[in-house]
Amino acid sequence: MTSAHPHTRAKGGRRPAVPRREPARGLSSTEAAARLARDGPNALPAAAQHSIFAIARDVLREPMLMLLLAAGGIYLALGDRAEALLIICLASATVVISILQQIRSERVLEQLSRMSDPRPLVIRDSKPVNVAIETVVRGDALVLREGNRVAADAELIESHAVEADESLLTGESVPVGKHAAPGGTKSEQSRVYAGTLIVRGQGVAIVTATGTHSAMGRIGKTLSEIETEAPPLRQQIRGVIFVFAAGGIVMSALAFLLNGLLRGEWLQGVLGGIALSMALLPEEFPVVLTVFLVMGAWRISKVRVLTRKASAIETLGAATVLCTDKTGTLTENRMAVAEMRIGARVAKPRSGQALNADFQELMRAAILASEPQPSDPMEKAFLAWTAQVREHPAAAGAALAKRYPLEPDLPALTHVWRSKSRGVVAAKGAPEAIARLCGLDAARARDVHAAVEAMAARGLRVLGVAMAPDPAGPLPERPDGFAFAFLGLIGLEDPLRPGVPEAVAECRGAGIRVIMITGDHPATALAIAGQAGIGSGAAMTGAELDKLSDAELAQHVASVAVFARTKPEQKLRIVAALKANGEVVAMTGDGVNDAPALKAAHIGIAMGQRGTAVAREASSIVLLDDNFNSIVRTIRLGRRIYDNLRKAICFVTAAHVPIAGLALMPLLFGLPLLLMPVHIAFIEMIIDPVSSLGYEAEPEEKGVMQRPPRATQEPLLPLRLIGWGLFQGVMALAAVAAVFVVALNRGLPEDEVRALAFAALVACNFAIVLANRALRSSLAASLLRPNPLLWLALGVNLAVLCLLFLLPQASRLFRFGPLHAHDAAIAAGAGLALLGVFGVAKRLWRPV
């Protein structure tokens, strides 16, 4: 079950042929240095693209942060230094937090890359030497041994039973046999590829391509040609900011003209227009959005999930389709014994389970036919049973006397074990080869073939096992010289990761469709899909996919749940077809073959332990523990973040209404100017953000994973929620305006009226915060929800407010008079009364 390689030669034509050299000599150090200078290092350029300056540049390009800094610059130019200082300081703090978060992510990725970098063995100046992988050049003679990671694409010129695990390139977990082509002719069987693992045998290969010219490099190179989309939420925030900003400009111009034309107070109109534009300009939005996503990235890092792009968290909460690779993602990327057959008898052993005598004999022979220190995943699966299987009497104290490797015409491995007095011969391999070694008659061979077909249909990798007595003399040239007896069949599988079926079921309950895209055999893919609970029906192969147009593929992806024998460019087409259908696509994977699809998807999720550097570089999220269940936790968190962000934005929207109203009232009715620019800047950059950020720690809403994903067209603030926010804002404006007018009618000094109205405004903001804690439950239930951080935020705001009134310097800056105890009680009473009104209104009007 080996898939054809999807690799094609790089753009720009065929590279010059590499001159053959004697493998005993290799290149000289001088020639290797010259080739390194000419061709460049054996590395992908993406690995060095994220310096601290590049990260800072990307963060500063965010439109929301640019808006903050621009606003601070405008206020500074107008001479409002206090407002400018507040805005610029907060914007700078947000920039620093974002940069530190991304630097941390890049450092973790760099550590992962260093851990996975091999130091290949090459022949230089006729001597074997370990070199840094970046210094491997075309023409180098690579010495390949069992357990080595191949450093570059190469052509075998010497081989001894070489098998390579190419799952990172093809997605197929079964090792591929490799051998040097006779006469120097090139073929797929003689090529080894960068990033693949030698699981058996040894050989020497001449490097033919390095860096971006290798198969891995060509796939990584295509990533730069894929355009990524801005996250839907960020697009919506920009739209809301545009509406607010446009409204602020119109209202400010109107206020300026009204004061100038009707009252002749042009200077007062300018000051009022500035205050009104500040009241309507949503400075809090970028602060709230950025900090929410940064805090979300920090939270999921505690469960071993690295967020390379914080905005992907909220997008994941809207995912409608989760495309997942099989090998190493749903499965453990290791082999385990799943079934044993002796004639009509079948055993399905589990680790630690005792086997009867016949099945012990079968397992013992498989162990003896394996390497004592194996790299091959199937042999590792056999040796895991060593403790449960009694040692063969003839192998007690014996040593491995001879190995008969795999041959093209006899795909079987044979080991001869001998001691001083006795010995035993064991063989395992393709069932038809073992049947031929044993000389089975036609009837029994048909029975074996039928059993193999039945096991393979369930996705098992099937091996035949045989044993023969030691002839106690000269050993034959070939293993068919032994008198083998057929013992039975062993089926192996790449087992499903624990918890995957539950995670898939939770995705289905949340309205998220799971699709498997793999390079493995259709039978194997369907077997794993069945175990995981992913869809039903037939699998679509890559060959079938190639026959479909983009429009036809878009129709098929709506119903097909399993794609097998796929190539990298086909995975990319599947993701594109899903996106064309309006799906929000999350793509998981760990191999180089997954990287283009990871980048093209709305959310790319790479595996950190088994994943390649190319896959991690292309992803938005990296699972450091390679745990598929972490995806579901991240989806849950994404939905929680979106819910809480919606509450925060609703609060900010509601809080702007009384600010704008109080800024407009003096201009319309000839009242004393209540809110100066410094008051508005302080409320919008200190009071409101601190209050709204308390929402970040709100627990998830009930049933968050039982509702379907939100539609991508659904606005951040739907009409019902906008109406709720405006209602809250109008009620808060009415309460504060009443306090303001009553205080004026009582003849209080202007500065005392301003202090009382400002305190009432903050109290009403607190009422809006508490009323919006849970949009889907009653006010009483909202108040009982645990959230220490929210109460701490409100406490900090209250402490800051007290300092404004108690510190003479602050009072003079804000033009506040003394706030007496009964005035503070009036302000608090206004907030409590407003909270009661919201509680009653919530029973009649569900915001969402």
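A brief look at the structure comes next. Within each chain, residue numbers correspond to sequence positions counted from 1 in written order. Only residues with pLDDT of at least 70 get local features here, since the model is predicted, and only at 80 or more are side-chain atom pairs given and counted; chain-wide, interface and lining totals rely on the full set of residues. As a rule here, side-chain values come from all non-hydrogen atoms in the structure, and water together with hydrogens is ignored.

## Section: unusual backbone geometry
The general pattern is negative phi for most residues beyond glycine and trans for most peptide bonds. As a reminder of what qualifies: For the purposes of this entry, the term helix denotes a DSSP run of H or I that reaches at least four residues, the term strand denotes a run of E that reaches at least two, and both are numbered from the N terminus. The rule is simple: take the accessible area with a 1.4 Å probe, protein chains only, and divide by the maximum for that residue type; under 20% is buried, over 50% is exposed, in between is partly exposed.
Phi angles above zero are rare outside glycine, and Arg-565 is one such case at about 50°. Tracing the backbone through its elements, the reader meets Arg-565 in the loop between strand S19 (562-564) and helix H20 (568-580). Take Arg-565: its relative accessible area is 21%, and that puts it in the partly exposed class. In this structure, Arg-815 takes a positive phi of about 55° despite not being glycine. Tracing the sequence through the fold places Arg-815 in the loop between helix H29 (808-814) and helix H30 (821-844).

## Topic: the environment of Thr-196
Spelled out, the test is: In this analysis, two residues are considered to be in contact whenever any of their non-hydrogen atoms come within 4.5 Å of each other.
Mapped onto the elements of the fold, Thr-196 is located in the loop between strand S6 (191-192) and strand S7 (197-209). Relative accessible area serves as the criterion here: at 0%, Thr-196 is assigned to the buried category. Thr-196 sits 27 residues away from Leu-169 along the chain, and the two C-alpha atoms are 7.5 Å apart. In this structure, Thr-196 is in contact with Asn-148, Arg-149, Val-150, Asp-165, Glu-166 and Leu-169, ignoring residues within four places of it in sequence.

## Here we look at helix H15 (residues 442-456)
To be explicit about the condition: Expected span of a helix, by definition, is 1.5 Å for each gap between consecutive residues, and there is one gap fewer than residues. Comment: arc refers to directions from the helix axis out to C-beta atoms. Pairs of N or O atoms within 3.5 Å make up the polar contacts considered here, provided that, within protein, one atom can donate a hydrogen while the other can accept it, and that residues adjacent in sequence are counted only when both atoms are side-chain atoms.
Relative to the 21 Å expected for 15 residues at 1.5 Å per residue, H15 spans 21 Å between its end C-alpha atoms, a close match to the ideal helical length. Every buried residue belonging to H15 is among Val-448, Ala-451, Val-452 and Met-455, and all of these are buried. Buried residues of H15 fall within an arc of 100° about the axis and therefore sit on the same side. Among the exposed residues of H15, those pointing more than 90 degrees away from its buried face are Ala-442 and Arg-446. Looking at the buried side of H15, the elements it contacts are strand S10 (336-342), helix H14 (431-438), strand S15 (461-469) and strand S16 (485-493). Among the residues of H15, the N-terminal cap falls to Asp-441, whose side-chain oxygen and the backbone nitrogen of Ala-443 are separated by 3.3 Å.

## A word on the sheet that holds S15
For clarity, the threshold we go by: DSSP calls a pair of strands paired once it identifies at least 2 bridges connecting them. For helices, the axis comes from a line fit to the C-alpha atoms of the stretch in contact; other axes are also lines fit to C-alpha atoms, and the angle between any two N-to-C directions lies between 0 and 180 degrees.
Taken in spatial order, the 7 strands of this open sheet run S11-S10-S16-S15-S14-S13-S12, and their pairing is antiparallel. Each having just a single partner strand, strand S11 (345-347) and strand S12 (399-404) make up the two edges of the open sheet. On average, each strand axis in the sheet is inclined to that of its neighbour by 20°, with strand direction left out of account. Sheet topology note: the S12/strand S13 (residues 412-418) ladder contains 5 bridges and is antiparallel. Across the sheet, residue Lys-402 finds its bridge partner in S13, namely Val-416. Packed on one face of the sheet, helix H12 (residues 357-368) meets S10, S11, S13, strand S14 (423-429), S15 and S16 and runs near 125° to S10.

## Examining the sheet that holds strand S9 (residues 321-324)
Sheets are built from strands that pair by backbone hydrogen bonding, the pairs being arranged parallel or antiparallel. The strand order across the open sheet formed by 8 strands is S8-S22-S21-S20-S9-S17-S19-S18, and the pairing between neighbours is mixed. Looking along the sheet, the strands with just one partner apiece sit at the ends: strand S8 (305-307) and strand S18 (540-541). Taken together, the 3 bridges between strand S21 (residues 603-607) and strand S22 (residues 621-623) define a ladder with parallel strand orientation. Residue pairing for S22: Ala-606 is matched across the bridge by Val-622.

## Brief notes about the packing of aromatic side chains
Quick note on the threshold: Think of it this way: a Phe, Tyr or Trp ring, Trp meaning its six-membered ring, pairs with another when their centres are within 6.5 Å, and the plane angle makes it stacked under 30 degrees, edge-to-face over 60, tilted otherwise.
Tallying each qualifying case throughout the model produces 9 aromatic pairs. Ring geometry for Tyr-404 against Phe-482: centres 5.7 Å apart, planes inclined by 80°, an arrangement best described as edge-to-face. Within this pair, whereas Tyr-404 is found in strand S12, its partner Phe-482 is found in the loop between S15 and S16, the two being separated by 78 residues in sequence. You can call Tyr-404 buried: its relative accessible area is 4%. Centroid distance Phe-758 to Phe-816: 5.1 Å. Interplanar angle 50°. Geometry classified as tilted. Of this pair, Phe-758 sits in helix H26 (residues 750-771) while Phe-816 is found in the loop between H29 and H30, placing the two residues 58 residues apart along the sequence.

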